[in-house]
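# Summary of the model geometry
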Amino acid sequence: MGLVRDYDGPNGEERAVQALEYSAHPLAVAELERVVKGVAQDFPECRLAAHHRTGPLEIGDLAVVVAAAAPHRGEAFAAARRLIDDLKSQVPIWKHQSFIDGSEEWVGLP
């Protein structure tokens, strides 16, 4: 599960987040389903699910969930890690962050 943090940025360069909103391409759900199926092909013993919220979210809100079940936890953990990594890199969902210092940033834009 991924929660909305009150900061963002690499270690040592973190900025305080004031507000956050996720936007998605109209085909994002289809792309998410494609990603889940692709990971499932590589982990046939796993059952997988994923969901990513859109719209404005508050600090501490749940933003994304991936789930993996398998006969052995190592395989489930590997599938879940691959699923979140592929989701973040391939599904057209964009994050708009507003920082306490007044600056703003879009993350994930092509």
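In case you missed it, the structure is sitting above this.
The following paragraphs examine the structure supplied in this document. (Residues numbered from 1 in each chain as written. Predicted model: local features only at pLDDT ≥ 70, side-chain atom pairs only at ≥ 80, totals over all residues. Heavy atoms only, no water.)

Before going further, it helps to examine the packing of aromatic side chains. Enumeration according to the criterion identifies 0 aromatic pairs in this entry. Positioned over the ring face of Y7 is R5, at 5.2 Å from the centre of the ring. Across the ring face of F99, the terminal group of R15 is positioned such that the distance to the ring centre comes to 3.8 Å. (Phe/Tyr/Trp six-rings, centres within 6.5 Å; stacked < 30°, edge-to-face > 60°. Lys NZ or Arg CZ within 6 Å of the ring centre and 35° of its normal.)

What follows deals with the pattern of salt bridges. A full pass over the atoms with the stated rule returns 5 salt bridges. Residue R15 pairs with E105 through a salt bridge whose shortest N-O separation is 3.5 Å. Of this pair, R15 sits in strand β3 (residues 15–24) while E105 sits in strand β8 (residues 104–107), and the two are 90 residues apart along the sequence. Through salt bridges that share partners, D42, R82 and D86 make up one connected network. (Salt bridge = Lys/Arg side-chain N within 4 Å of Asp/Glu carboxyl O. Helix = DSSP H or I, 4+ residues; strand = E, 2+ residues; numbered from the N terminus.)

The biggest cluster of nonpolar side chains holds 21 residues, and the ones touching the most others in it are Y22, V39, L48, L57, L83, L87 and V91. Dropping the residues within four chain positions of it, V91 is found in contact with A28, E31, L32, V35 and D86. (Core = buried A, V, L, I, M, F, W, Y, C linked by side-chain atoms within 4.5 Å. Buried < 20%, exposed > 50% of the residue type's maximum accessible area, 1.4 Å probe, protein only. Contact = heavy atoms within 4.5 Å.)

Further remarks concern the pairing of β3. Taken together, the 2 bridges between strand β2 (residues 7–8) and β3 define a ladder with antiparallel strand orientation. When the sheet's bridge partners are listed, D8 is paired in β3 with R15. Across 7 bridges, the pairing between β3 and strand β7 (residues 93–99) is antiparallel. Among the inter-strand pairings, S23 is bridged to a residue of β7, identified as W94. Of the strand pairs in this sheet, β3 and strand β5 (residues 55–57) are connected by 3 bridges, and their pairing is antiparallel. Following the sheet pairing, E21 is matched in β5 by P56. (Pairing = 2+ DSSP bridges.)

With that settled, the discussion passes to helix α2 (residues 73–90). The end-to-end C-alpha separation of α2 is 25 Å, in line with the 26 Å expected for 18 residues at 1.5 Å each. Listed as buried for α2 are A76, A79, A80, L83, D86 and L87. The buried residues of α2 occupy an angular sector of 140 degrees when projected down its axis, which confines them to one face. Facing away from the buried side of α2 by more than 90 degrees, the exposed set consists of F77, R81, K88 and S89. Where α2 is buried, its residues touch α1 (28–42), β4 (47–52) and β6 (62–69). (Expected span 1.5 Å × (residues − 1). Arc of directions from axis to C-beta.)

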